[in-house]
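Coordinate analysis (summary)
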Amino acid sequence: MKLTERFLQYVKFDTQSDELTNLTPSTPGQMVFAKALEKELHEMGLSDISLDENGYLFATLPGNTDKKVPTIGFIAHMDTAPDMSGHDVKPRIVDYQGGKIVLNEEQNIVLDPEQFPELNDYVGQQLIVTDGTTLLGADDKAGIAEILAAVEYFQEHPEVKHGDIRVGFNPDEEIGMGAHKFDVEKFAADWAYTMDGGAVGELEFENFNAASAKITFTGLNVHPGAAKHKMLNSMRVANQFAIMLPRWETPEHTEGYEGFYHLISMKGNVEETTLTYILRDHDRARFESRKREIEHLCHKVNCEFPGCAKAEIKDQYYNMREQIEPVMHIIDVAKKAMERADVPVKVQPIRGGTDGAQLSFKGLPCPNIFAGGMNMHGRYEYVPIPSMEKAMMTIVEICKIVAE
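In this text the structure is predicted, and so the values were computed from the model without any measurement.

Attention shifts here to the overall build of the protein. Helices and strands together make up the secondary structure of the protein, namely ten helices and 17 strands. By the compact-globule yardstick of 22 Å for 404 residues, the protein fits well, its C-alpha radius of gyration being 23 Å. Expressed as lengths along the three principal axes of its C-alpha atoms, the size of the protein is roughly 85 × 50 × 40 Å. Out of the 404 residues belonging to the protein, those deemed buried represent 53%.

Below, the discussion takes up the environment of Arg351. Mapped onto the fold, Arg351 is located in the loop between β15 (346–347) and α9 (355–361). Sequence separation between Arg351 and Ile313 is 38 residues; the distance between their C-alpha atoms is 20 Å. A distance of 3.4 Å separates a polar side-chain atom of Arg351 from the backbone oxygen of Glu255. Reaching out from Arg351, the side chain makes a polar contact with the backbone oxygen of Gly256 at a distance of 3.0 Å.

This brings us to the pattern of salt bridges. The full count for this structure, using the stated rule, is 20 salt bridges. Measuring nitrogen to oxygen at the nearest pair gives 2.8 Å for the salt bridge that ties Arg6 to Glu40. Within this pair, whereas Arg6 is found in helix α1 (residues 3–10), its partner Glu40 is found in helix α2 (residues 28–44), the two being separated by 34 residues in sequence. For Glu40, a relative accessible area of 7% corresponds to the buried category. With a shortest N-O distance of 3.2 Å, Glu322 and Arg284 are connected by a salt bridge. Of the two residues, Glu322 sits in helix α7 (residues 321–324) while Arg284 sits in helix α6 (residues 284–304), which places them 38 residues apart along the sequence. Look at the salt bridges and you will find they share partners, linking Arg284, Glu288, Lys291, Asp315 and Glu322 into a network.

On to the layout of surface pockets, then. Reported here for the second largest pocket is a volume of approximately 150 Å³. What lines the second largest pocket is Glu118, Asp121, Tyr122, Gln125, Ala199, Val200, Lys346, Met374, Pro386, Ser387 and Lys390. It is helix α10 (residues 385–403) that provides the largest number of residues to the lining of the second largest pocket, a total of three residues. Here the lining of the second largest pocket is built from residues that sort into five nonpolar, two polar and four charged.

Cis rather than trans, the peptide bond between Thr24 and Pro25 has omega equal to -5°. Mapped onto the elements, Pro25 comes out in the loop between α1 and α2. Here Asp139 and Asp140 are connected by a cis peptide whose omega angle stands at 15°. Position of Asp140 among the secondary structure elements: in helix α3 (residues 138–156). One non-glycine residue, Asp172, adopts positive backbone phi at about 60°. Along the chain, Asp172 falls in the loop between β8 (165–170) and α4 (184–187).

Rules used throughout
- Residues numbered from 1 in each chain as written.
- Predicted model: local features only at pLDDT ≥ 70, side-chain atom pairs only at ≥ 80, totals over all residues.
- Heavy atoms only, no water.
- Helix = DSSP H or I, 4+ residues; strand = E, 2+ residues; numbered from the N terminus.
- Rg over C-alpha atoms; globule rule 2.2 N^0.38 Å.
- Buried < 20%, exposed > 50% of the residue type's maximum accessible area, 1.4 Å probe, protein only.
- Polar contact = N/O pair within 3.5 Å; in protein donor to acceptor, adjacent residues only side chain to side chain.
- Salt bridge = Lys/Arg side-chain N within 4 Å of Asp/Glu carboxyl O.
- 1 Å grid on protein atoms, 1.4 Å probe; cavity = no way out; pocket = protein on both sides within 12 Å on 5 of 7 lines; lining within 4 Å.
- Points joined across faces, edges and corners; volume = space filled by probe spheres on them.
- Nonpolar A, V, L, I, M, F, W, Y, C, P; charged D, E, K, R; others polar.

In C-alpha cells form, the structure reads like this:
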C-alpha cells in the first residue's frame, strides 16, 4: 500500500480524543484504529508486535546489517484533536494551481491564500483537503502513514542497510496524555523521533515548559438592595486579578521564544468564580517566575479581600532541550538526513508541547520531525502530498545514516 493510499484510509477512522473520560485510550475509536494498524503490521510481516490494553502499539522491523548499530524509534499518535470533529472525514486531492480552494460550496467554506498565505508555497503540488465540515487528521495520521511507508520502502529494498527500527503508535497526544503510559523500557530504542511536526523541513528539539493554573475566588452574596459593605462579588475580584497580569504576555501578542499567560476558561457567579490559565515559557527560570507571579497576585488580592483567592498550579511538561543537548548527535543525524532528502532544514522551537518532550524526560531522547500537515485542528487543515513523501524519505535517510 502506498503512502497516499494509507493516509486516505487512516483518516476515515474517528479517533478524536476526550480529556473528560479519564480513560486510556480516552475514546473507543482509538482502539478500533489501533487494532486495524496491528492487523496491518502483521500483514507487513513485522516482528515484536504488541498492543496493550491502553492502546499503545509497538513493532519492530529487524535490521539487515552485520554490524551492531543503534536501534532507532519512530513514533506518531493515533488521536485527533478535540477542537473539531473527526467523524466522517471526507478527504479529496486537489491539483493546486493557486488561488482559493472551495472546500464546501453549499456552506461557502473556502481555503483562501489571503487568510492562509502559506498556501502559496505549494502551488503546483497535490494537496489533500477536507470538505470543510471536519478536520483532516494529518495531525498525526500523516506521521503514521509516513512511518509505515518508510518501513515498506526497506522491505522493498533489502539492499539498503539499516539497524533495528522500532515503530510506536500511541493514543491521546492531543489531550497531553500520549506519553504517560508509554513503556520506554519495552520500546527499547536508543533514541526516537516523533513524526508530528507541521510544514516540510521543521525539526524541533525545544518546546515550552508548561503549567496549568486554576484560581478560585470565593465571594459573598447578599441581596443587592442591602449589599453595601457586605457583598463580595467573586466575578469582579476575578476580573481585577485578570487585568493585573501583563497585557502583552498573551498568545495573541507573542511569538518565537516568548512565553505567555493564557486565560482558557472563566466560570462563575457572585459566590464563586474560577479562572483557568495555561502558563508557557521556553526558559525554565522565566517559567518558574510566571508561576510565582500567579501566587504573588493571589497574595495581593487576599491582602484586600482576605481568604478570597486560592491558586492551584500544576506542572504539565518541560522543555526537552535540556535532555537533548547531551545527545545532540541525534539532531545532526536528522539534519543530515533532511539534506540528503533534499529538504530545507528549519530548526525552530515548538510553541506547544509534544509527546517527545515527556518521553525525553522518561529516558528516551525524542526530537520532533515534520509530518507535513498545515492548519491543524480545524476545517482548513490540509497536507501537501510531496511533504509527506519528503517526511517518509527523511525517515529512510535517518536509518541509512545510522547504519553507516
